[in-house]
Amino acid sequence: MNDTVRILIAEPDDFSPKAVEILRQVGDVELRHCHHGELADALRDYDIFWFRLAHRIDRALLSGQLRCRMLVTPVTGLDHIDLQACQQRGLRVVSLRGEFEFLKRVRATAELTLGLALALLRHIPQAAASVNEGLWNRDLFRGRELFGKTAGIVGMGRLGTIVAGYFRAFGMEVLGYDPRPDFPSDLAVRTSTIDELLERSDIVSIHVKYDDSTRHLIGRRQLEIMRPGAVLINTSRGGVIDDRALIEVLASGHLAGAALDVLDGEPDINAQHPVVRYAREHDNLLVVPHIGGNTEESFEKTEVFLALRVLQAWKPEYTGRETTVTTNGAQESSANVGRGDF
């Protein structure tokens, strides 16, 4: 096998040149789109495979011949990767999971959550579409304000805590549910159960990790005990909500609306997905294609940060040495990332 480390950036659009510069200290870097049918060849031919959310790395894909020793994905949720199969095949997964201090400066998904709440309550997409059709009738789009309402946040980790601060800035009462011992009591009132939070909230925002314990955490029963006229926002993972139950509860008129940045089964979503079909025909469901972390600032920060992680993992001699890159006014240093093990 060629001793030169080969790195494939499989989703290269707008990839950070600064991150590429760092990765070239590890090996040869190739930036090209990799389609699903090419994944097996890529894992056979490259040492490092870097991708975002366009691909699923499952057990069947990992069952063939592998040269790949590292998967890099700049996200916190890893439900698109079979982690057990990776461990069995000796693949290291480098991601943003657990990078709490770094992620405090990555606010894109929290900001989108607020934007989705405003879009729902103020009917912004429908109002803009109406003007584009040549109409100018404000009376069609009377909305509701955030001020004075109650926001309920399920999951008070990094993102939930940031969102709580944003909602408080709008003059909202904020409730939170999370069993964590470091619950941010200065930003939210802790409820003893999810049911209590759902029953008391005008806006419910989901910010939990996705695994077997949270699949369909919000099902029919939970949706039906929400306040009549409440709205639901999900920017975590699609499988946290029972899609079919959500559509039926929205159709009943019990909820005023929902906004989803994520859908169960993505990225294999098309126009025939039940949620997409419903949203196409009803104004009370807003769906966007997992754009939570999709900002210029977020991509630049995370790609540089993970490139430094790769550098130290592959070249232990960089451990403790200063390799500093400025990104959007902030500095990332190789002294701040984990020790190498390659």
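Residues numbered from 1 in each chain as written. Predicted model: local features only at pLDDT ≥ 70, side-chain atom pairs only at ≥ 80, totals over all residues. Heavy atoms only, no water.

S.K.: How should the overall build of the chain be read in this particular structure?
M.R.: Scanning the chain for helices and strands turns up 12 helices and 14 strands. Taking 20 Å as the expected radius of gyration for a compact globule of 342 residues, we find that the chain reaches 22 Å, a close match to that expectation. Per-residue burial over the chain gives 50% buried out of 342 residues. When contacts within the chain are restricted to residue pairs at least 6 apart in sequence, long-range pairs at least 24 apart make up 60% of them. Accessible surface computed for the chain: about 16,500 Å², of which carbon and sulfur atoms make up 48%. Each charge class in the chain was averaged separately, 40 positive and 48 negative side chains, and the resulting centres sit 3 Å apart. (Helix = DSSP H or I, 4+ residues; strand = E, 2+ residues; numbered from the N terminus. Rg over C-alpha atoms; globule rule 2.2 N^0.38 Å. Buried < 20%, exposed > 50% of the residue type's maximum accessible area, 1.4 Å probe, protein only. Contact = heavy atoms within 4.5 Å. Areas by Shrake-Rupley, 256 points an atom, 1.4 Å probe, with all protein chains shown as cover. Lys, Arg positive; Asp, Glu negative; His and termini not counted. Charge placed at Lys NZ, Arg CZ, Asp CG, Glu CD.)

S.K.: Is there a simple way to explain the environment of Gly-148 in this structure?
M.R.: Looking at the element boundaries, Gly-148 is found in the loop between helix H6 (124-132) and strand S6 (150-154). Placed 22 residues apart in sequence, Gly-148 and Phe-170 show a C-alpha to C-alpha distance of 8.3 Å.

S.K.: Honestly, the pattern of salt bridges in this entry has me stumped. Any pointers?
M.R.: Opposite charge on two side chains permits them to pair, given that their charged atoms come into close proximity. Taken as a whole, this structure holds 22 salt bridges when the rule is applied. Between Asp-45 and Arg-44 there is a salt bridge whose closest N-O contact spans 3.1 Å. Among the salt bridges present, the one from Glu-99 reaches Arg-309, with a minimum N-O distance of 2.1 Å. On the criterion of sequence distance, the pair formed by Glu-99 in the loop between strand S5 (92-94) and helix H4 (100-103) and Arg-309 in helix H12 (residues 296-314) is long-range, its members being 210 residues apart. The exposure classification of Glu-99 matches that of Arg-309, with both residues buried. One network of salt bridges, with partners in common, ties together Arg-6, Glu-30 and Arg-32. (Salt bridge = Lys/Arg side-chain N within 4 Å of Asp/Glu carboxyl O.)

S.K.: Looking at this structure, I do not really get the packing of aromatic side chains. What am I missing?
M.R.: Aromatic rings considered in pairs are described by the distance between their centres and by the relative angle of their planes. If you walk through the whole model with that rule in mind, you get three aromatic pairs. Considering the side-chain rings of Phe-15 and Trp-50, the 5.2 Å spacing of their centres and the 85 degrees angle between planes classify their relative orientation as edge-to-face. Here Phe-15 is found in the loop between strand S1 (6-9) and helix H1 (17-23), whereas its partner Trp-50 is found in strand S3 (residues 48-50), with 35 residues between them in sequence. Trp-50 carries the same exposure label as Phe-15, and that label is buried. A centroid spacing of 5.4 Å and a plane angle of 35 degrees characterise the contact between Phe-49 and Phe-51, whose relative ring orientation is tilted. An identical accessibility class is assigned to Phe-49 and Phe-51; each is buried. Positioned above the aromatic ring of Tyr-46 is the side chain of Arg-6, whose terminal nitrogen or guanidinium carbon lies 4.2 Å from the ring centre. (Phe/Tyr/Trp six-rings, centres within 6.5 Å; stacked < 30°, edge-to-face > 60°. Lys NZ or Arg CZ within 6 Å of the ring centre and 35° of its normal.)

S.K.: Can you help me understand the sheet that holds S5 in this one?
M.R.: Backbone hydrogen bonds are what pair the strands of a sheet, in a parallel or an antiparallel way. Across the sheet, which stays open at both edges, the five strands sit in the order S2-S1-S3-S4-S5 with parallel pairing between neighbours. Strands at the two margins of the open sheet, each flanked by one partner only, are strand S2 (28-31) and S5. Pairs of neighbouring strands in the sheet enclose a mean axial angle of 15 degrees, with direction left out of account. Judged from the three bridges that link them, strand S4 (residues 70-72) and S5 form a sheet pairing that is parallel. Following the sheet pairing, Met-70 is matched in S5 by Arg-92. In this fold H12 packs onto S3, S4 and S5, with an angle of close to 170 degrees to the strand it touches most, S3. (Pairing = 2+ DSSP bridges. Axes fitted to C-alpha atoms, helices over the stretch in contact; angles between N-to-C directions.)

S.K.: Quick question: what am I supposed to make of the layout of surface pockets here?
M.R.: One simple way to see leftover space: roll a probe sized like a water molecule over the atoms. As a volume, the second largest pocket reaches approximately 240 Å³. Lining the second largest pocket are 17 residues, with Leu-120, His-123, Gln-126, Ala-256 and Asp-283 sitting closest to its centre. Elements that contribute at least two residues to the lining of the second largest pocket include exactly helix H5 (108-122), H6 and strand S12 (285-287). Looking at which element gives the most residues to the lining of the second largest pocket, the answer is H5, with three residues. (1 Å grid on protein atoms, 1.4 Å probe; cavity = no way out; pocket = protein on both sides within 12 Å on 5 of 7 lines; lining within 4 Å. Points joined across faces, edges and corners; volume = space filled by probe spheres on them.)

S.K.: What is the right way to look at the state of the cysteines in this model?
M.R.: The bond known as a disulfide is covalent and runs between the sulfur atoms of two cysteines. This structure, assessed with the given rule, holds zero disulfides. Note on Cys-68: no disulfide assigned, nearest cysteine sulfur contributed by Cys-86 at a separation of 8.3 Å. You can call Cys-86 buried: its relative accessible area is 1%. (Disulfide = S-S within 2.5 Å.)

S.K.: Could you clarify how one ought to interpret the pairing of S1 in this entry?
M.R.: Along any regular strand the residues' side chains alternate between the sheet's two faces. Two strands pair when backbone bridges link them, and S1 and S2 are joined in this way by four bridges, in the parallel orientation. Following the sheet pairing, Ile-9 is matched in S2 by Leu-31. What joins S1 to S2 is H1, and the crossover it makes is right-handed. By the bridge criterion, three bridges tie S1 to S3 in an arrangement that is parallel. Bridged to Ile-9 within S3 is Trp-50. (Right-handed = clockwise from strand over helix to strand, strands pointing away.)

S.K.: Any chance you could explain H12 here in plain terms?
M.R.: One turn of the α-helix equals 3.6 residues, which is why residues spaced by three or four share an orientation. With 19 residues, H12 should reach 27 Å at 1.5 Å per residue; the first-to-last C-alpha distance of 27 Å fits that figure. Within H12, 16 of the 19 residues are buried, which leaves it mostly tucked inside the rest of the structure. (Expected span 1.5 Å × (residues − 1).)

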